[in-house]
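Observations on the model geometry
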Amino acid sequence: QVQLVESGGGLVQAGDSLRLSCAASGRSFSTYDMGWFRQAPGKEREFVAGISWSGGTTRYADSVKGRFTISRDNAKNTVYLQLNSLKPEDTAVYYCAARPGSIYIRSQGSEYGYWGQGTQVIVSS
């Protein structure tokens with residue numbers, strides 16, 4: 001069982017940066033692949049980034065590649081998402097998710113069994 005709590009969202013201007021954090025409970029955090037997803041108003045949830053249980057492999061959506069960076073600190077049971085060069089279209093509720101580690105990082109939300117409550121990011125133009 002993993003419980004996830006996101007933080008770090010807020011209201012920023014285009015071009016600004018934010019760092020989102022997702023704190024996990026449980027002793028098995030280091031065995032879970034982690035993902036960040038987002039959902040904008042009126043849109044479906046979409047994959048943003050994922051990181052393997054070891055931190056050795058990452059995967060990004062094309063829309064954020066080169067601007068966002070996912071990382072994790074297994075000693076702190078925390079995964080991060082650094083958001084740089086933010087755009088108004090990045091406005092969404094951002095969720096972190098966990099699933100048992102596997103060979104490759106999944107991008108489908110249905111493949112993640114644990115979810116946080118989300119943190120709002122609003123980017124003004």
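The residue count restarts for each chain, going from 1 along the sequence in the order it is written. This being a predicted model, a pLDDT of at least 70 is required before a residue's local features are given, and a value of 80 or more before pairs of side-chain atoms are given or counted; all residues contribute to the totals for chains, interfaces and linings. As a convention, hydrogens and water are excluded, and side-chain values are obtained from all of the structure's heavy atoms.

Re the pattern of salt bridges
Think of a salt bridge as a Lys or Arg side-chain nitrogen and an Asp or Glu carboxyl oxygen that are within 4 Å of each other. Evaluated as defined, the whole model comprises five salt bridges. Connected via shared salt-bridge partners are Arg-38, Glu-46, Arg-67 and Asp-90.

So, the packing of aromatic side chains
Aromatic contacts are taken between Phe, Tyr and Trp rings whose centres are within 6.5 Å, Trp giving its six-membered ring; a plane angle under 30 degrees counts as stacked, one over 60 as edge-to-face, and the others as tilted. As enumerated under the stated definition, the model contains five aromatic pairs in all. The interplanar angle of 80° and the centroid separation of 5.9 Å between the aromatic rings of Tyr-32 and Tyr-114 together place this pair among those described as edge-to-face. Here the residue Tyr-32 occupies a position in strand β4 (residues 32-39), and Tyr-114 occupies one in strand β10 (residues 114-115), the gap between them amounting to 82 residues. The exposure class of Tyr-114 is partly exposed, given its relative accessible area of 22%. Ring centres 5.0 Å apart and planes at 55° place the aromatic pair Phe-37 and Trp-115 in the tilted group. One end of the pair, Phe-37, is in strand β4; the other, Trp-115, is in strand β10, with 78 residues separating them in the sequence. Judged by its relative accessible area of 1%, Phe-37 is buried. Members of the aromatic cluster, joined through ring pairs, are Phe-37, Phe-47, Tyr-112 and Trp-115. The side chain of Arg-45 reaches across the aromatic face of Phe-37, ending 5.9 Å from its centre. We call a charge positioned above a ring when the Lys NZ or Arg CZ atom is no farther than 6 Å from the ring centre and deviates by at most 35 degrees from the ring normal. Geometry around Phe-47 places Arg-59 over its ring, the cationic atom sitting 5.7 Å from the centre. Each helix is a run of H or I in the DSSP string that is no shorter than four residues. Each strand is a run of E no shorter than two, and both are numbered from the N terminus. Burial classification: accessible surface area is computed with a 1.4 Å probe over protein chains only, and a residue below 20% of its type maximum counts as buried, one above 50% as exposed, and the rest as partly exposed.

Some details on the sheet that holds strand β3 (residues 18-24)
When DSSP locates at least two bridges between a pair of strands, those strands are taken to pair. Pairing is antiparallel in the open sheet, where four strands are placed in the order β1-β3-β8-β7. The open sheet is flanked by β1 (4-7) and β7 (68-73), the only strands paired with a single partner. On average, each strand axis in the sheet is inclined to that of its neighbour by 15°, with strand direction left out of account. Summarising the sheet, β3 and strand β8 (residues 78-83) pair through six bridges and their orientation is antiparallel. In the sheet register, Leu-18 faces β8, and the bridge partner there is Leu-83. All axes here are fitted lines through C-alpha atoms, helices being fitted over the stretch that makes contact, and every angle between N-to-C directions spans 0 to 180 degrees.

The quantities given are spatial measurements derived from coordinates; they are silent on function.
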